[in-house]
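# Observations on the model geometry
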Amino acid sequence: MSLDAKIRFELVSLFYGAFEALKQVNMTMAERQITALIGPSGCGKSTLLRTLNRMNDLIPGVRITGLVRVDGRNIYAPGTDVTTLRKRIGMVFQRPNPFPLSVRDNVSFGLRVAGLTSRADVEPILERSLRAAWLWDQVKDRLDQSALDLPLDQQQRLCIARLLAVEPDIILMDEPCSALDPIATGKVEDLMLELKKQYTIVIVTHNMQQAARISDVTGYMLLGDMIESGATAALFTNPQDRRTQDYLSGRYG
Amino acid sequence: MKARGEKIAQRILLVIALSAISSLILIALFIFKEGTPVMLRMGLRKFLFSREWDPQAGLFGIYPMIAASLWVTLGAMLIGAPLGIAGAIFLNEFVPKTVLRIVKPAIELLAGIPSVVYGFIGVMVLAPLIRDHLGGPGLSILAAAIILGVMILPTVISISTDAIGAVPNSYREGALALGATRWQAVHMVILKAARSGIMASIILAMGRAIGDLKAARSGIMASIILAMGRAIGETMAVIMVAGNTVKLPHSVLDSARTLTATIAFEMASATGRHREALFAIGVVLFVIIMILNTCATVSLRGRTTRS
Ligand SMILES: Nc1ncnc2c1ncn2[C@@H]1O[C@H](COP(=O)(O)OP(=O)(O)OP(=O)(O)O)[C@@H](O)[C@H]1O
Ligand SMILES: [Mg+2]
């Protein structure tokens, strides 16, 4: 395990009330790589992902123990500013969730939240973010139309553009393609490979081909345990743990 | 056997529904039949905009009452709408869901407090306060507006709460995940998403303020009550608190008499043209409330087609 890990989970356990959804998870995730989390439904992939931007804090009765370090700093340390953290660590959701606002207001949302409102400041960032999400050409003539009128895959890329505008350094994606058709999925995957040059990406996916195609490192989870994690190619061709083998070969359950 | 029983039940329900609807239509027709001749004879403009209301002298200008109704209603909205929306935001976004589940029905129960109770509080507590601290007779537009503003709170809170609660959680999560504070999420996204529902709540509350609660539900219902000269129910508070002067108000501290109050006061003793003029006021209210209801329905429908 490299010392310069961007993200490091140390004995992280998470409880929803009395239910232990994460069990002493240890894992590291490297900078500017795509880390995929796979595993059967309900194993805790989303939960693990959401510990990173502290979205679990919003659920009443959640308790977390252990350390989640980002750039070496424990993000659960007292005094951590959660809103700043969430600007640094953006999230793309399973269903595209653009706000019921114009395309422009969606992209500028994070900026306005941070107090940046003047058009002169926002406009260049708007274009840059939309270009980075490969959306500029499709929406440049409809910036003032409702984002809800865009097709689903453009909505999802708008959600990515919305993140890029606030210049995060980590992007979390929770099954970002599950609502998209194969062509749109391909586009988002290509986009992720492009974004990887600048950002650290963590993706939850049910689609093992997707994990194999795009990720550098994969972690396999089962019932709240991190069973094994390692370089994607190695994990897929030569899993160390019996349970990973079973899952990958479809013998799970 | 079962199918037949069901058919009979259906028939019975149909007959009941039809008779309810047709009696409503009949009543509406009746009001219009009684009310329109005065307007036609005087000319609509003169009826609506002349300032003299003196039934003995045969003068039927309702402008002072329209003004009073508008002032009282606008005042009630200025007081009730911000408070109600703030309450709805607070209940939805800033306290645990269990609190909402307990408090919301409790607030809706407040709508059932007879309006005479509010009126009593207005007369005994509010009017003297206004008289002593702000001047004027106390029983005034201001007093009526405050009391009505409180009375419409349950309507505004209840419908706004529903509208805000119907905003998909994914908007909330999306906003917070971008580093928004709770309050930023509320005013930058959630209120925008709930806009049409909140608008509807305000318009419905306005209908209530101008006519009465049932009026907000159904304009026709209001007319029945008015036509029977028993608008006392919901307008009671305003009648008690607004004072009782048919004169064009010049300040919120003046007393005034609203459209509904006039009907309630005078219907019992009115005959002939005077009575017709009161029905004509009913027609005016009927039209206003129909317009408000249509607006509310349209803005609610806007919400459903949108999502
Ligand atoms: N808010 C919650 N309250 C209680 N239990 C929860 C909550 N959210 C998730 N869980 C439980 O925690 C476990 C892990 O859930 P999680 O959503 O992280 O799984 P997942 O691996 O993302 O599943 P999926 O592939 O279906 O998205 C599940 O057993 C789930 O039932
Ligand atoms: Mg999940």
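Going by the structure above, here's the rest.
Let me sum up the structure you'll find in this document. No experiment lies behind these values; they were computed from the predicted model shown.

### Description of the site of ligand 1
All names here are of chain A. Of all residues adjacent to ligand 1, which total 13 residues, the nearest are Ser41, Gly42, Lys45, Ser46 and Thr47. In this structure, an oxygen atom belonging to ligand 1 sits 2.5 Å away from a side-chain N or O atom of serine 41. Take serine 46: an N or O atom from its side chain is 2.6 Å from an oxygen atom of ligand 1. Here ligand 1 loses 63% of its free accessible area of 640 Å² to cover by the protein chains. Secondary-structure elements contributing two or more residues to the shell around ligand 1 are strand E2 (19-29) and helix H1 (45-52). For the shell around ligand 1, the element with the most residues is H1, which contributes three residues.

### Things to note about the sheet that holds strand E9 (residues 217-222) of chain A
Residues and elements named next belong to chain A. The six strands lie next to each other as E6-E7-E8-E3-E9-E10, forming an open sheet whose pairing is mixed. Two strands bound the open sheet, and with one partner strand each, they are strand E6 (89-92) and strand E10 (225-231). Pairwise comparison of adjacent strand axes, ignoring direction, gives a mean angle of 15° for this sheet. Those strands touched by helix H8 (residues 182-195) are strand E3 (34-38), strand E7 (170-174) and strand E8 (200-204), and its axis lies near 150° from that of E8.

### A word on the layout of surface pockets
Residue and element names in this part refer to chain B. When its volume is computed, the largest pocket comes out at roughly 500 Å³. Among the secondary structure elements, those contributing two or more residues to the lining of the largest pocket are helix H3 (63-94), helix H4 (97-110) and helix H8 (169-177). Counting residues per element, the lining of the largest pocket draws most heavily on H8, which supplies four residues. Taken together, the residues of the lining of the largest pocket sort by class into eight nonpolar, four polar and seven charged.

### Some words on the environment of B:Gly84
Relative to the assigned elements, B:Gly84 resides in helix H3. Along the primary structure B:Gly84 and B:Ser140 are separated by 56 residues, whereas in three dimensions their C-alpha atoms are 23 Å apart.

### Some points on the interface of chain A and chain B
At the interface, 22 residues of chain A touch 18 residues of chain B. Carbon and sulfur atoms supply 67% of the area buried between chain A and chain B, which totals about 1800 Å² over both sides. Seen at the junction of chain A and chain B, the total is one salt bridge. For B:Glu173, the salt bridge identified is with A:Arg50, shortest N-O distance 2.6 Å. Summed over the shared surface of chain A and chain B, the result is three residue pairs in polar contact (both at pLDDT 80 or more). Counting only elements with at least two residues in the side of chain A that touches chain B, the list comes to helix H2 (82-88), E6, helix H4 (109-113) and helix H7 (152-164) of chain A. When the residues that make up the side of chain A that touches chain B are grouped by side-chain class, the tally is 13 nonpolar, four polar and five charged.

### Regarding a nonpolar patch on the surface
Residue and element names in this part refer to chain B. Taken together, Leu110, Ile113, Val116, Val117, Phe120, Ile121, Met124, Val125 and Leu129 make up a surface patch of nonpolar side chains, about 760 Å² in accessible area. Sorting elements by how many residues they give to the nonpolar patch places helix H5 (residues 115-133) first, with seven residues. Topologically, leucine 129 is positioned in helix H5. Residue class for leucine 129 comes out partly exposed when judged on its relative accessible area of 44%.

### Some points on the side chain of B:Ser255
Its place among the elements puts B:Ser255 in the loop between helix H13 (232-241) and helix H14 (259-266). Ignoring any residue separated from it by four or fewer positions in sequence, one finds B:Ser255 in contact with B:Pro137, B:Leu139, B:Ser140, B:Ala242, B:Gly243, B:Asn244 and B:Thr245.

### Focus on the sheet that holds strand E5 (residues 73-74) of chain A
All names here are of chain A. Pairing within the open sheet is antiparallel, and its four strands lie in the order E2-E1-E4-E5. A single partner strand is all that each edge strand has here, and the edge strands are E2 and E5. Inspection of the sheet shows strand E1 (residues 7-16) paired to strand E4 (residues 62-70) by eight bridges, in the antiparallel sense. Directly across from arginine 8, in E4, lies its bridge partner arginine 69. Packed on one face of the sheet, H1 meets E1, E2 and E4 and runs near 115° to E1.

### Description of the nonpolar core
Residues A:Phe109, A:Leu130, A:Ile160 and A:Ile171 are the most contacted members of the largest nonpolar core, which totals 89 residues. For this core, the leading source of residues is H3(B), giving eight residues. Apart from the residues lying within four places of it in its own chain, the contact partners of A:Ile160 are A:Val92, A:Ala133, A:Met173, A:Val188, A:Leu191 and A:Leu195.

### Notes on the pairing of E9(A)
Residue and element names in this part refer to chain A. With six of six residues buried, E9 is to be regarded as a mostly interior element. Residues Val217, Gly219 and Met221 line one face of E9 and the alternating positions Thr218, Tyr220 and Leu222 line the opposite face, and both faces are buried. Pairing geometry for E3 and E9, over four bridges, is parallel. Across the sheet, residue isoleucine 38 finds its bridge partner in E9, namely tyrosine 220. Of the pairings in the sheet, the one linking E9 to E10 comprises six bridges and is antiparallel in character. Looking across to E10, one finds that valine 217 is bridged to alanine 231.

Calculation rules
- Residues numbered from 1 in each chain as written.
- Chains lettered and ligands numbered in written order.
- Predicted model: local features only at pLDDT ≥ 70, side-chain atom pairs only at ≥ 80, totals over all residues.
- Heavy atoms only, no water.
- Near = heavy atom within 4 Å.
- Polar contact = N/O pair within 3.5 Å; in protein donor to acceptor, adjacent residues only side chain to side chain.
- Areas by Shrake-Rupley, 256 points an atom, 1.4 Å probe, with all protein chains shown as cover.
- Helix = DSSP H or I, 4+ residues; strand = E, 2+ residues; numbered from the N terminus.
- Pairing = 2+ DSSP bridges.
- Axes fitted to C-alpha atoms, helices over the stretch in contact; angles between N-to-C directions.
- Contact = heavy atoms within 4.5 Å.
- 1 Å grid on protein atoms, 1.4 Å probe; cavity = no way out; pocket = protein on both sides within 12 Å on 5 of 7 lines; lining within 4 Å.
- Points joined across faces, edges and corners; volume = space filled by probe spheres on them.
- Nonpolar A, V, L, I, M, F, W, Y, C, P; charged D, E, K, R; others polar.
- Buried area = accessible area lost by both parts, 1.4 Å probe.
- Salt bridge = Lys/Arg side-chain N within 4 Å of Asp/Glu carboxyl O.
- Patch = residues over 30% accessible without salt bridge, like charges linked within 9 Å, V, L, I, M, F, W, Y side chains within 5 Å.
- Buried < 20%, exposed > 50% of the residue type's maximum accessible area, 1.4 Å probe, protein only.
- Core = buried A, V, L, I, M, F, W, Y, C linked by side-chain atoms within 4.5 Å.

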